[in-house]
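Descriptive analysis of the structure
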Amino acid sequence: MGGNGELKYEISQNAYIKLVLHTLRHKTAAVNGVLVGRISSKDEGVVEISDSVPLFHSNLALLPPLEISLIMIEEHYVAQGLSVVGYFHANERFEDVELSGVAKNIGDHISRYFPQAPILLLNNKKLEALSKGKDRSPVMQLCVKDASKNWRVVGTDGGSKLLLKEPSANVVLSDYISSEKWKDVTDFDDHLDDVTKDWLNPGLFN
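In the annotation of an unreviewed UniProt entry, the protein chain is listed under the name MPN domain-containing protein and assigned to Brassica campestris. The record in UniProt for the protein chain states the following under Sequence similarities (unreviewed entry): "Belongs to the EMC8/EMC9 family."

Describing the packing of aromatic side chains
Applying the stated criterion across every chain, the model contains three aromatic pairs. With 6.3 Å between their ring centres and 65 degrees between their planes, Phe-56 and Phe-188 make a pair best called edge-to-face. A residue pair is termed long-range when its members are at least 10 positions apart, and Phe-56 in the loop between strand S3 (46-54) and helix H2 (63-77) and Phe-188 in helix H6 (residues 188-193) qualify at 132 residues. A relative accessible area of 0% means that Phe-188 is categorised as buried. When the ring of Tyr-176 is compared with that of Phe-205, the centres are 5.9 Å apart and the planes differ by 40 degrees; the resulting orientation is tilted.

Here's the deal with the layout of surface pockets
Each pocket or cavity is described by its volume, and for the largest pocket that value is around 350 Å³. Forming the boundary of the largest pocket are 17 residues, of which Leu-24, Lys-27, Phe-94, Asn-124 and Leu-127 lie nearest the centre. When residues of the lining of the largest pocket are traced back to their parent elements, those giving at least two are helix H1 (13-25), helix H4 (124-129) and helix H5 (169-178). In terms of residue count, the dominant contributor to the lining of the largest pocket is H4 (three residues). Its residues assigned to classes, the lining of the largest pocket comprises eight nonpolar, six polar and three charged.

What about the pattern of salt bridges?
Counted according to the given criterion, the structure contains seven salt bridges. Across the salt bridge formed by Arg-93 and Glu-95, the nearest N and O atoms sit 3.3 Å from each other. One salt bridge connects Arg-93 with Asp-96, and the closest N-O pair in it is separated by 4.0 Å. What emerges from the salt-bridge pattern is a single network uniting Arg-93, Glu-95 and Asp-96.

Describing the nonpolar core
Ile-11, Tyr-16, Val-20, Ile-73, Phe-88 and Met-140 are the most contacted members of the largest nonpolar core, which totals 59 residues. Of the residues forming this core, the biggest block, seven residues, is contributed by H1. Residues in contact with Ile-73, not counting those within four places in the same chain, are Val-34, Val-36, Val-53, Leu-55, Val-84, Phe-188 and Trp-199.

Examining the sheet that holds strand S4 (residues 83-90)
Strand order in the open sheet formed by eight strands is S7-S6-S5-S4-S2-S3-S1-S8, and the pairing between neighbours is mixed. Of all the strands in the sheet, the pair left with one neighbour each is strand S7 (151-153) and strand S8 (162-164). When the angles between neighbouring strand axes are averaged without regard to direction, this sheet yields 35 degrees. Where strand S5 (residues 119-122) and strand S6 (residues 140-145) come together, four bridges link them in antiparallel fashion. The residue of S6 that forms the bridge with Leu-122 is Met-140. Each of strand S1 (8-11), strand S2 (31-39), S3, S4, S5, S6 and S8 touches H1; the most contacted strand, S3, lies at about 40 degrees to it. Those strands touched by helix H3 (residues 101-113) are S2, S4, S5, S6 and S7, and its axis lies near 175 degrees from that of S4.

Some thoughts on unusual backbone geometry
Where the residue is not glycine, phi is negative for most of them; where a peptide bond is considered, it is trans in most cases. The phi torsion at Lys-149 lies on the positive side, around 70 degrees, for a residue other than glycine. Relative to the helices and strands, Lys-149 resides in the loop between S6 and S7. Even without being glycine, Asn-201 reaches a positive phi, approximately 50 degrees. By the element assignment, Asn-201 lies in the segment after H6.

Conventions and cut-offs
- Residues numbered from 1 in each chain as written.
- Predicted model: local features only at pLDDT ≥ 70, side-chain atom pairs only at ≥ 80, totals over all residues.
- Heavy atoms only, no water.
- UniProt positions renumbered as here; feature names shortened; annotations may be inferred.
- Phe/Tyr/Trp six-rings, centres within 6.5 Å; stacked < 30°, edge-to-face > 60°.
- Helix = DSSP H or I, 4+ residues; strand = E, 2+ residues; numbered from the N terminus.
- Buried < 20%, exposed > 50% of the residue type's maximum accessible area, 1.4 Å probe, protein only.
- 1 Å grid on protein atoms, 1.4 Å probe; cavity = no way out; pocket = protein on both sides within 12 Å on 5 of 7 lines; lining within 4 Å.
- Points joined across faces, edges and corners; volume = space filled by probe spheres on them.
- Nonpolar A, V, L, I, M, F, W, Y, C, P; charged D, E, K, R; others polar.
- Salt bridge = Lys/Arg side-chain N within 4 Å of Asp/Glu carboxyl O.
- Core = buried A, V, L, I, M, F, W, Y, C linked by side-chain atoms within 4.5 Å.
- Contact = heavy atoms within 4.5 Å.
- Pairing = 2+ DSSP bridges.
- Axes fitted to C-alpha atoms, helices over the stretch in contact; angles between N-to-C directions.

The following block contains the structure:
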């Protein structure tokens, strides 16, 4: 296989929604998270993203908390045959759809362990259009490393490379947004402040 360009990334509804809700919980801040999954057992050209972990909404660039979180996440998911397979980032400014240095650095860090790791970057304009109910494509842009190891956005739509596993994911997401479900999301920052807060968000979709 050549670069990551041939790979497809399929994200589960829960993994996808959790990250978007995390973004909405901290609207005025940059936020990030990691994608958990594996290479598909049926098709080696597909990375299945089955879960996600909201990480931080302050001091995204600090490496020690990131390292701690990655170790804890790997330890939890290894029993399920899953590992960290990518990175999610939302910029602070609404119209900003560029990959920041911080996002690239953390993406680089994760791709050392999982070379096919993508960065998913939130597109606020797409997120805003959700309420109009027209767009069924993900509200994130797919970024992968090219042959020269630079991060690039895959296609303007990236739609064919980044797939929502459940076609109704945006409909469910819209419902959650209107019911302010984002108030229930806990990230790793919250956990570091108060260890009783569970970064796995076990009750989020109950």
